[in-house]
Every structure is written in C-alpha cells, then in structure tokens.
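The lines below spell out each chain.
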Amino acid sequence: GVELDVDAAQRLHRHLAHFVDLGEGACSEDGGNRHRWQVRHALDFSIDPDDYAARLAIVIPYRDREQHLSRLIPHLVTFFERDRLARAIPYEIHIAEQAPGRPFNRGAIKNAGFAVAHANADYVVFHDVDYLPIWADYSLVHEPTSLITWGVQEESSEGPSNTPGCALALPVDDFVRINGYSNDYWEWGFEDVDLQQRIRLAGLGWSRRPGTFMPMPHEHHGVTSEGKANSGTQRTRAIYLAKGAQGTAGFGGEGLSTLGFRVERTVQWVRNGVPLPQVLHHHIVLE
Ligand code: UDP
Ligand code: MN
C-alpha cells in the first residue's frame, strides 16, 4: 500500500537513539546451563525502504482467549493502518487456533500457523494474543529478533526484558533452518527457550528492538495458586532438561519438518461488518 516517507522515518529513528544500548541478555530458564547472548540492536539511523517492502506474516497461537483476540485483531489492523512506518508493510495475520482435545501446544501450533502462512512471506512474527503494540517496529528482520523490550507482564525488574516470547520475529529462511519450534511441549512453558537453543546451535544471532507493548492480564497458566510450577510445567521442564542432556542432538531433530496437522477450515476476520482479507483464522487439529 502506502508509500514510505523515508525522511520522516529517519527522523523518528533518530529520536529513539537513546534506547540503543540495552546490553546483553540471557534466557531465563536453561537448566543450569547459562548461555548468554550478546543482544544486538537492530535499530540504527538509516532506513532502508526495502525493509518496509518485505512481506510479513503475523502468526498468533490461539485457543480460548476470545476477549484478548477480539481486542488484539482490531488493534493490530488499526496499528498497521495508522502507524507512519508500519502502514507501508505488506502484512497478513494468521490466527492459528488449536482445536479442543489435547493440551495446548504453543510450539506445534506456531509451526502449523507458519506452515500455512510462509509461502507468501519473507519473515514471520509469532505474536502472543495478549500483547497490544503501543510502539513497535515490525519492519523486516535479518536475524531472530524480539520486538518487545518494555511491558512484559510480571517482569520482576524494572529493566529491559529478556523474554524470548511475546513477539518474536524471524526471517522465514532462519525458521526453516532451525526446523521451527519443538512439537514436544504440551502444556505451558519451555518451547521458547528450546527455540533459543536451536537458534544458538545454528549459529544465528539474536537481537531485540525497543518496542513497548501493553499486556492484557490473565491468570498464570503454568503455576499453582502458591506460585509453584504446576504438573504440566514440571513435565515440560523435564522434557527440556532431557533434551539438554542429549547435547546438540537434543534440539532440532523434530519440529516443523515432523509436524502432523490438518486445517479444518479457514475464515476471514470481520471488522465492523467488513471482512478483512489480510486476517485469516485457521482452525487446526494437531495430530
Ligand atoms: N495461548 C492461548 N490459549 C491457551 C494458552 C496459550 O491462546 O490456553 C496462547 C496465547 O497467544 C498466549 C500465548 O499462547 O498469549 C502464551 O500463553 P500464556 O499467555 O498462557 O503464557 P504467559 O503469559 O505465561 O507467557
Ligand atoms: Mn500471556
């Protein structure tokens, strides 16, 4: 659609220069094996119009969060209409809804969403349903890049976030190369740190952009009322630790290439009575 105003974009980026230095980051849970990443900052002062011409697929892993979804979709579509830079980006939103039955599997349903979306995309953003972008840079990424630095729910420190979740962007080729997410984490947790291991073992970089998001509150699904890991989280943690114990072989053997799924139906999202061709809601059965 809209032509990018390169001069305006350049000025905006200059104003954001004070965000640039956020230092290094680490993943939160790594089974006693602390791997630290040097977090690069993708933000620089030069705007390349090509970074706003590449095709973006936003994939939202989803089940049973109707109130979040019905706020996020109009918010995102409006963001891409109104934001001075984002409005130049050709994008599609793919809601990947996991059918009822088995426990939720965030990695596998993201893989399925990617599988249906990637043919028309150069890069993908895996987007939690419960984060609204306030200010965020959705332009092309050249390596795995988190789009969120500020606003992560329940972040204990006041500093910038280290999370590998919420809004993670990858070039399509990188995601294929690491064989996507693991399909092995049914229930809450660890598919995102598993992905970080895949990225690290493939020798890919990791960067973070200074985006601010607003989290929509919900109960924490991975813990008991006393704040301890629940039985599902204990299982996913054990799976992650077992993979780590296998060393390099533990990560990447299964994933995108081994996923079995079927799309039961796909429907367009309707906003104010008008169907949006760029927002597709897929109902997916994981096999
Ligand atoms: N999710 C969902 N339904 C579920 C569990 C998870 O739609 O029952 C999706 C949703 O996009 C959510 C993301 O997976 O934002 C992460 O799950 P959750 O919000 O429970 O994790 P946390 O907030 O603890 O990171
Ligand atoms: Mn959440």
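Quick note: structure is the one above.
Calculation notes
Residues numbered from 1 in each chain as written. Chains lettered and ligands numbered in written order. Predicted model: local features only at pLDDT ≥ 70, side-chain atom pairs only at ≥ 80, totals over all residues. Heavy atoms only, no water. Pairing = 2+ DSSP bridges. Helix = DSSP H or I, 4+ residues; strand = E, 2+ residues; numbered from the N terminus. Donors = N, O, S within 2.8 Å, 3.2 Å for Na, K, Ca; no water. Buried < 20%, exposed > 50% of the residue type's maximum accessible area, 1.4 Å probe, protein only. Phe/Tyr/Trp six-rings, centres within 6.5 Å; stacked < 30°, edge-to-face > 60°. Lys NZ or Arg CZ within 6 Å of the ring centre and 35° of its normal. Core = buried A, V, L, I, M, F, W, Y, C linked by side-chain atoms within 4.5 Å. Contact = heavy atoms within 4.5 Å. Axes fitted to C-alpha atoms, helices over the stretch in contact; angles between N-to-C directions. Near = heavy atom within 4 Å. Polar contact = N/O pair within 3.5 Å; in protein donor to acceptor, adjacent residues only side chain to side chain. Areas by Shrake-Rupley, 256 points an atom, 1.4 Å probe, with all protein chains shown as cover. Right-handed = clockwise from strand over helix to strand, strands pointing away. Salt bridge = Lys/Arg side-chain N within 4 Å of Asp/Glu carboxyl O.

A. Spatial organisation of the pairing of strand 11 (residues 261–271). Judged from the 10 bridges that link them, strand 11 and strand 12 (residues 274–286) form a sheet pairing that is antiparallel. By the bridge assignment, Val267 is partnered in strand 12 with His281.

B. The arrangement of the coordination of the manganese ion (ligand 2) in detail. Around the manganese ion (ligand 2), the protein supplies Asp130 (OD) and His218 (NE2) as donor atoms, at distances of 2.1 to 2.3 Å. You can see Asp130 sitting in the loop between strand 5 (123–127) and strand 6 (131–135) and its partner His218 sitting in the loop between strand 10 (212–215) and helix 6 (231–245), a full 88 residues away along the chain. On the basis of relative accessibility, which here comes to 28%, the residue His218 falls in the partly exposed class.

C. How the structure looks around the packing of aromatic side chains. The final tally for this structure, using the stated rule, is 10 aromatic pairs. With 5.9 Å between their ring centres and 70° between their planes, Phe79 and Phe80 make a pair best called edge-to-face. Of the two residues, Phe79 and Phe80, neither departs from the other in class, the shared state being buried. Joined through ring pairs, the aromatic side chains of Phe79, Phe80, Tyr91 and Tyr138 make up one cluster. Arg102 extends its terminal NZ or CZ atom over the ring of Trp186, reaching a point 3.7 Å from the ring centre.

D. Region of interest: the nonpolar core. Of all hydrophobic cores here, the largest spans 43 residues; its most connected members are Phe80, Ile93 and Tyr138. Secondary-structure elements contributing two or more residues to this core are strand 3 (56–62), helix 2 (66–82), strand 4 (91–98), strand 5, strand 6, strand 8 (167–171) and strand 12. The leading source of residues in this core is helix 2, at 7 residues. Non-local contacts of Ile93, meaning those with residues more than four positions away in its chain, are made with Ile58, Ile60, Ile73, Leu76, Val77, Gln278, Val279 and Leu280. Ala57, Val59, Val124 and Ile178 belong to the second largest nonpolar core, which has 18 residues in total.

E. Region of interest: the sheet that holds strand 8. Read across the sheet, 8 strands follow the order 9-7-8-5-3-4-12-11 without closing on themselves; strand pairing throughout is mixed. Every interior strand has two partners, whereas the edge strands, strand 9 (207–208) and strand 11, have only one. Judged from the 6 bridges that link them, strand 4 and strand 12 form a sheet pairing that is parallel. The residue of strand 12 that forms the bridge with Glu97 is His283. Contacting strand 3, strand 4, strand 5, strand 11 and strand 12, helix 3 (residues 106–117) runs over the sheet at an angle of about 145° to strand 3.

F. View of the site of ligand 1. Neighbouring ligand 1 are the residues Pro61, Tyr62, Arg63, Arg65, Phe104, Arg106, Asp128, Val129, Asp130, Trp188, His218 and His221. Residue Asp130 places a side-chain N or O atom 3.0 Å away from an oxygen atom belonging to ligand 1. In the environment of ligand 1, an oxygen atom lies 2.9 Å from a nitrogen or oxygen atom belonging to the side chain of Trp188. Here ligand 1 has 510 Å² of accessible area as a free molecule, and 86% of this is covered by the chains.

G. Just the pairing of strand 4, in detail. Of all the 8 residues making up strand 4, 7 are buried; the element is thus mostly covered by neighbouring parts of the structure. Both strand 3 and strand 4 contribute to a ladder of 7 bridges, which runs parallel. Each bridged residue has a counterpart across the sheet, and for Pro61 the counterpart in strand 4 is Ala96. Regarding topology, helix 2 serves as the crossover connection from strand 3 to the parallel strand 4, and that connection is right-handed.

H. Layout of the side chain of Arg209. With respect to the helices and strands, the residue Arg209 is situated in the loop between strand 9 and strand 10. Taking the relative accessible area as the measure of exposure, Arg209 reaches 6% and is therefore buried. Polar side-chain contacts of Arg209 include one of 2.9 Å to the backbone oxygen of Ser139.

I. How the structure looks around the pattern of salt bridges. Counted by the stated rule, this structure contains 11 salt bridges. In this structure, Arg55 engages Asp122 in a salt bridge whose closest nitrogen and oxygen atoms are separated by 3.0 Å. Separated by 67 residues along the polypeptide, Arg55 in the loop between strand 2 (36–37) and strand 3 and Asp122 in the loop between helix 3 and strand 5 bring together distant segments of the chain. Accessibility expressed as a relative area gives 32% for Asp122, which makes it partly exposed. Across the salt bridge formed by Asp128 and Arg106, the nearest N and O atoms sit 3.2 Å from each other.

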